Amino acid sequence: MSKQLSLGKISVSNPKVWVVIGVTFAGIVILAETRRRRLRARKLEREDLGAFIERFELLPFPQPLPPAARHLLSGLTFAVKDIFDVKDCVTGFGNPDWKRTHEAAGKTAVVVTALLKNGATCVGKTVMDEFAFGITGENVHYGTPTNPRMPSHIPGGSSSGSAVAVAAGFVDFALGTDTIGCVRTPASFCGILGCRPSHGVVATTGVLPNSQSLDTVGWFARDPSILHRVGHILLQLNQVEPRRTRCFIIADDLFQLSKVPKQQSIQVITRVTENLSGYQPPRHENFGQYVAANVPSLRGFREESMTLQDGISTLKALSSVMFLLQRYEFKTNHGEWVKAVKPRLASDVADRVNAAVDATHENVRTLYKVRTEMRAALRSLLKDDGILVVPTVADPPMKLNSKKGLSAEFHDRAFALLSIASMSGCCQVTIPFGKHDGCPISVSFLAFHGADKFLLDTVLDTYSSLQEQVSLVSHSSPVPDTNGHMDASELLKEKGNAAFKGRQWNKAVRYYSEAIKLSEINATYYCNRAAAYLELGCFREAEEDCSKAISLDKKNVKAYLRRGTARESLVLYKDALQDFKHALVLEPQNKVASQAEKRLRKMIS
């Protein structure tokens with residue numbers, strides 16, 4: 001037998017064979033290790049829901065020796081959006097090309113240091129929308145954090161990772177930034193508390209700017225006491241302040257834009273003010289009309305429409321000014337870098353960035369004038385004791401990976417609401433209000449610029465009562481209507497018609513409502529009440545009444561016209577277009593329907 005071992009036809013004694021075997025074995029080991037690391041990374045991503053872009057630990061400053069009190073944030077953990085500087089780390093701004101072309105920070109952001117000095121531990125940086133553009137929370141480079149409340153839907157942004165980290169319980173609180181809704185939106189979608197402070201009152205040193213006239217440092221928490229404690233540190237507030245009476249001002253017209261049930265929200269607020277001392281009965285305000293009358297610089301930005309109500313048109317104009325201001329300042333801050341680097345961007349972000357970089361601004365002074373007038377208008381409305389109550393956002397979160405992206409209607413309704421605090425500089429807190437149709441919903445409290453402690457104290461004071469009432473109202477059953485005599489209902493309808501002609505819209509609604517209680521199957525009663533609701537700016541109620549009228553009478557042209565008007569005012573352009581089309585099918589020569597169809601086609605295109 002030969003002493004030489006062989007493997008097939010290859011001589012194992014040949015040194016080259018062993019080199020090949022060694023290289024092959026090393027390749028297998030490397031492949032296995034690579035696969036193991038990928039699996040571990042995926043596991044970690046699943047464990048933290050994709051909220052973190054980088055994990056590390058910044059320990060708090062030492063506790064003071066007794067008898068000094070412990071630090072206010074002792075034992076709490078927090079995370080920061082990838083827009084805050086941390087010493088020796090590159091601040092990524094949500095984009096790999098930005099990170100590649102910038103150096104590590106030489107200092108940690110002032111607000112992060114303040115939190116560390118007061119006992120909190122920082123555990124990492126979180127995912128954000130690129131350059132803080134957008135409110136969806138999606139990021140094509142680093143992935144979209146998973147919304148713990150609705151995993152198949154977007155978490156909201158741009159501070160998406162911070163909101164998810166708090167909502168999932170990974171940290172006690174987290175820092176974000178809010179420019180055009182970047183804290184308030186994810187707080188609403190993830191069902192947690194979110195604070196946008198008054199503009200300019202929290203230090204932004206060490207925070208990358210998007211638009212400095214709109215940027216604020218905000219924060220998230222699940223617990224109102226933690227939200228309050230973080231606010232005391234960041235806002236450098238005094239612990240004691242004389243107690244003031246409070247008055248909630250409910251923006252009735254803004255609830256028409258929202259899927260948040262208006263009556264449910266008003267009922268909750270009313271009950272809480274009845275049960276707590278120091279609260280006046282709620283007041284009601286048509287906020288859009290108030291802004292139209294008190295911010296004259298907006299008139300040049302308003303779109304003319306035959307059916308869009310003045311108030312809604314004004315708030316759309318306000319949001320358009322907000323975007324113009326954001327574009328102008330983003331271009332000033334980063335336009336040269338964008339042109340030089342040509343970064344890889346998601347398509348929707350690229351559209352916004354290019355719009356900013358390519359824009360020419362001839363009316364910049366007017367943009368700043370609108371901001372100044374808006375702040376003064378809110379100060380005049382709220383005075384020292386007012387808290388404005390609005391829906392945070394209009395619609396529930398859309399599904400992940402939606403091919404359509406944000407619709408024009410979603411966009412317009414959302415930013416009509418979000419632009420109020422951004423353009424006035426007022427402070428705003430997003431408060432979870434349970435769920436509606438399975439989606440988290442919220443309302444927001446706003447106070448005048450500089451009233452941050454007043455606002456945070458109010459949230460802390462009312463939060464448990466609000467949650468208790470939300471639970472009670474959501475589980476209560478509606479009172480059933482009763483049927484009555486047809487002649488009596490007709491008499492009430494005529495009284496309603498007389499009140500309508502006399503421009504007594506609220507009185508007309510009451511008469512029509514009484515008629516409906518007596519006869520629930522009369523389409524005319526619903527249609528007439530819808531007309532009165534339109535005059536009052538109650539568009540959601542008008543839409544519902546018209547839908548009921550149409551279900552009872554498929555050929556009710558007035559119901560289609562009025563529902564189309566309501567839907568256009570609610571920025572539901574496609575639905576409104578369908579209503580006016582139906583009216584034209586029934587009455588081909590109807591001029592109102594014809595003009596509305598042409599106008600809406602142009603707007604949608």
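Position labels on residues start from 1 in each chain and follow its written sequence. Under the rules for a predicted model, residues below a pLDDT of 70 receive no local features and side-chain atom pairs below 80 are neither given nor counted, while totals for whole chains, interfaces and linings still include all residues. The basis for every side-chain value is the complete set of heavy atoms in the structure, and neither hydrogens nor water enter the calculation.

Colleague: Could you clarify how one ought to interpret the layout of surface pockets in this entry?
Modeller: A water-sized probe rolled over the atoms picks out the places where empty space is left. With a 1 Å grid spanning the protein atoms alone, the term cavity applies to any set of points in which a 1.4 Å probe fits but cannot get out, the term pocket to an open set with protein on both sides within 12 Å along at least five of seven lines, and the term lining residue to any residue with an atom within 4 Å of a point. Grid points are joined across faces, edges and corners, and a volume is the space filled by probe spheres set on the points. In this structure, the largest pocket occupies an estimated 1,300 Å³ of space. Forming the walls of the largest pocket are 45 residues, and the residues nearest its centre are Arg352, Leu406, Ser407, Ala408 and His411. Only DSSP runs of H or I covering at least 4 residues are called helices, and only runs of E covering at least 2 are called strands; the numbering of each starts at the N terminus. For the lining of the largest pocket, the elements supplying multiple residues, two or more each, are helix H10 (310–341), helix H11 (347–358), helix H13 (408–424), helix H20 (573–586) and helix H21 (591–604). Counting residues per element, the lining of the largest pocket draws most heavily on H10, at 8 residues. Think of it as three bins: nonpolar holds Ala, Val, Leu, Ile, Met, Phe, Trp, Tyr, Cys and Pro, charged holds Asp, Glu, Lys and Arg, and polar takes everything else, Gly as well. Of the residues that constitute the lining of the largest pocket, the class distribution is 17 nonpolar, 14 polar and 14 charged.

Colleague: Where do I start with the sheet that holds strand S13 (residues 439–447) in this structure?
Modeller: Hydrogen bonds along the backbone pair up the strands of a sheet, which may run parallel or antiparallel. Being paired, for any two strands, means DSSP has found at least two bridges between them. Spatially, the 11 strands line up as an open sheet ordered S3-S5-S4-S6-S8-S7-S12-S13-S11-S9-S10, and their pairing is mixed. Here the strands that pair on one side only, and so sit at the sheet edges, are strand S3 (52–58) and strand S10 (283–285). In this sheet, neighbouring strand axes are inclined to one another by 25° on average, regardless of whether the strands run parallel or antiparallel. Pairing between strand S11 (residues 386–391) and S13: 4 bridges, direction antiparallel. Between N-to-C directions, angles cover 0 to 180 degrees, with each direction set by a line fitted to C-alpha atoms, over the stretch in contact for helices.

Colleague: I tried to follow the environment of Thr205 on my own but got confused; where do I start?
Modeller: One can find Thr205 in the loop between strand S7 (193–196) and strand S8 (216–221). Along the sequence, Thr205 and Val110 sit 95 residues apart, while their C-alpha atoms lie 5.9 Å from each other. Those residues within four positions of Thr205 in sequence are excluded, and the remaining contacts are Ala109 and Val110. Should any heavy atoms of two residues lie within 4.5 Å, those residues are considered in contact.

Colleague: Just to check I follow, could you spell out the pairing of S8 for this structure?
Modeller: Regular strands have side chains that alternate between both faces of the sheet. Taken across its 6 residues, S8 has 6 buried, putting it largely inside the fold. Each residue is placed in one exposure class: buried if its accessible area under a 1.4 Å probe, protein chains only, is under 20% of its type's maximum, exposed if it is over 50%, and partly exposed if it falls in between. Going residue by residue along S8, you find Thr216, Gly218 and Phe220 tucked away on one face and Val217, Trp219 and Ala221 tucked away on the opposite face as well. Sheet analysis places strand S6 (residues 173–178) next to S8, joined by 6 bridges and oriented antiparallel. Across the sheet, residue Ala174 finds its bridge partner in S8, namely Phe220. Where S7 meets S8, 3 bridges bridge the pair, whose relative direction is antiparallel. For Cys195, the partnering residue across the bridge sits in S8 and is Trp219.

Colleague: So what exactly am I meant to see when it comes to unusual backbone geometry here?
Modeller: Phi is mostly negative for residues that are not glycine, and the peptide bonds are mostly trans. A cis amide bond links Pro66 with the next residue in sequence, Pro67, at an omega value of 10°. Each neighbour pair has its own omega, and for Gly157 with Ser158 the value is 10°, a cis peptide bond. Tracing the sequence through the fold places Ser158 in the loop between strand S5 (121–126) and helix H4 (160–167). The backbone of Phe93 shows a phi angle near 60°, a positive value even though the residue is not glycine. The residue Gln236 is not glycine, and still its phi comes out positive at about 55°.

Colleague: So what exactly am I meant to see when it comes to the nonpolar core here?
Modeller: Considering soluble globular proteins, one finds that nonpolar side chains tend to be buried as a cluster. Counting residues in each nonpolar core, the largest one holds 159 residues, and the members touching the most others are Phe84, Phe173, Leu175, Phe287, Leu388 and Phe445. The element that contributes the greatest number of residues to this core is H10, accounting for 11 residues. Not counting chain neighbours up to four residues away, the residues in contact with Leu175 comprise Ala79, Val80, Lys81, Phe84, Val111, Val112, Leu115, Ser162, Val217, Gly218, Trp219 and Leu234. To define a nonpolar core, start from buried Ala, Val, Leu, Ile, Met, Phe, Trp, Tyr and Cys residues and group those joined through side-chain atoms within 4.5 Å.

Colleague: Is there a simple way to think about the packing of helix H18 (residues 539–552) against helix H19 (residues 557–569) in this case?
Modeller: The relative placement of two packed helices is expressed as an angle between their axes plus a distance between the axes. Following both chains from N to C, one finds H18 and H19 inclined at 150°, their axes separated by 8 Å at the closest point. As far as their axial angle goes, H19 and H18 are roughly antiparallel. Two packed elements cross with a definite hand, and for H18 against H19 that hand is left-handed. Contacts from Phe539, Ala542, Glu543, Cys546, Ser547, Ala549 and Ile550 in H18 reach Ala559, Tyr560, Arg562, Arg563, Ala566, Arg567 and Ser569 in H19. Grouping the constituent residues of the contact of H18 with H19 by class yields 8 nonpolar, 2 polar and 4 charged. Throughout this description, any angle smaller than 35 degrees is read as roughly parallel, any larger than 145 degrees as roughly antiparallel, any in the 65 to 115 degree range as roughly perpendicular, and the remainder as oblique. Crossing handedness is read from the near helix: turned anticlockwise from the far helix by less than a right angle, it gives a left-handed crossing, and turned clockwise, a right-handed one.

Colleague: Sorry, what's going on with helix H6 (residues 224–235) here?
Modeller: By definition here, a helix of n residues has an expected span of 1.5 Å times n minus one. The end-to-end C-alpha distance of H6 is 16 Å, a good match for the 16 Å that 12 residues give at a rise of 1.5 Å each. Of all 12 residues in H6, 10 are buried; the element is thus mostly enclosed. Gln236 sits one or two residues past H6 and shows a positive phi near 55°.

Colleague: Quick question: what am I supposed to make of the pattern of salt bridges here?
Modeller: It is possible for side chains bearing opposite charge to pair when their charged atoms get close. For this document, the term salt bridge refers to a Lys or Arg side-chain nitrogen within 4 Å of an Asp or Glu carboxyl oxygen. Counted according to the given criterion, the structure contains 20 salt bridges. With a closest N to O distance of 3.7 Å, Arg352 and Asp348 form a salt bridge. In this pair, Arg352 and Asp348 both sit in helix H11, 4 residues apart, roughly one turn of the helix. Note that Asp384 and Arg379 form a salt bridge whose closest N and O atoms lie 3.1 Å from each other. Since its relative accessible area comes to 34%, Arg379 is described here as partly exposed. Where salt bridges share partners, they join Arg540, Glu543, Arg563, Arg567 and Asp579 into one cluster.

Colleague: Teacher, can you tell me more about the pairing of strand S9 (residues 247–251) here?
Modeller: The buried fraction of S9 is high, at 5 of 5 residues. Neither face of S9 is open: one carries Cys247, Ile249 and Ala251, the other Phe248 and Ile250, and all of them are buried. In the sheet, S9 pairs with S11 via 4 bridges, with the strands oriented parallel. Within S11, the position partnered with Ile250 by the bridge is Val389. Sheet topology places S9 next to S10; 3 bridges connect them, and they run parallel. Paired with Ile249 across the strands is Arg283, a residue of S10.

Colleague: Teacher, can you tell me more about the side chain of Glu329 here?
Modeller: Within the secondary structure, Glu329 sits in helix H10. Of the buried charged residues, Glu329 lacks a salt bridge, with Arg371 as the closest side chain of opposite charge at 5.9 Å. Polar contact criterion, stated in full: a pair of N or O atoms within 3.5 Å, where within protein one must be able to donate a hydrogen and the other to accept it, and residues adjacent in sequence count only if both atoms are side-chain atoms. Here the side chain of Glu329 touches Ser213 through a polar contact of 2.5 Å, side chain to side chain. Charge assignment in this entry is limited to Lys and Arg as positive and Asp and Glu as negative, and neither His nor the chain termini are counted.

Colleague: Can you walk me through the packing of aromatic side chains in this structure?
Modeller: Two measures describe an aromatic ring pair: the distance that separates the ring centres and the angle between the ring planes. Any two of the Phe, Tyr and Trp rings considered here, Trp counted by its six-membered ring, make a pair once their centres fall within 6.5 Å; the pair's planes then place it as stacked at under 30 degrees, edge-to-face at over 60, or tilted in between. Per the stated rule, a full pass over the model turns up 12 aromatic pairs. Through pairs of rings, three or more aromatic residues link up here, namely Phe93, Trp98, Phe131, Phe133, Phe330 and Trp337. A ring is scored as having a charge over it whenever the NZ atom of a lysine or the CZ atom of an arginine sits within 6 Å of its centre and within 35 degrees of its normal. Directly above the ring of Phe52 sits Arg55, whose terminal nitrogen or CZ lies 3.9 Å from the centroid. Residue placement shows Arg379 over the ring face of Phe448; its charged tip is 3.8 Å from the ring centre.

Colleague: Sorry if this is basic, but what is going on with the state of the cysteines here?
Modeller: Simply put, the disulfide is a covalent bond whose two ends are the sulfur atoms of two cysteines. Disulfide: a pair of cysteine sulfur atoms within 2.5 Å of each other. Under the defined criterion, the tally for this structure stands at 0 disulfides. Cys427 supplies the cysteine sulfur nearest to Cys426, a cysteine that is in no disulfide, at a spacing of 6.6 Å. Its relative accessible area of 1% is what places Cys426 among the buried residues.

Colleague: Can you help me understand the confidence of the model for the protein chain in this one?
Modeller: Any region with low pLDDT has predicted coordinates that should not be read closely. What pLDDT expresses is the predictor's confidence in each residue, scored from 0 to 100. For the protein chain, the average pLDDT comes to 89, and 88% of its residues sit at 70 or higher. Per-residue pLDDT stays below 50 along residues 1–10; that stretch engages in 6 contacts with residues further than four places along the chain or on separate chains. Across residues 477–486 the pLDDT falls below 50, and counting only partners more than four positions away or on other chains, this stretch makes 12 contacts in the model.

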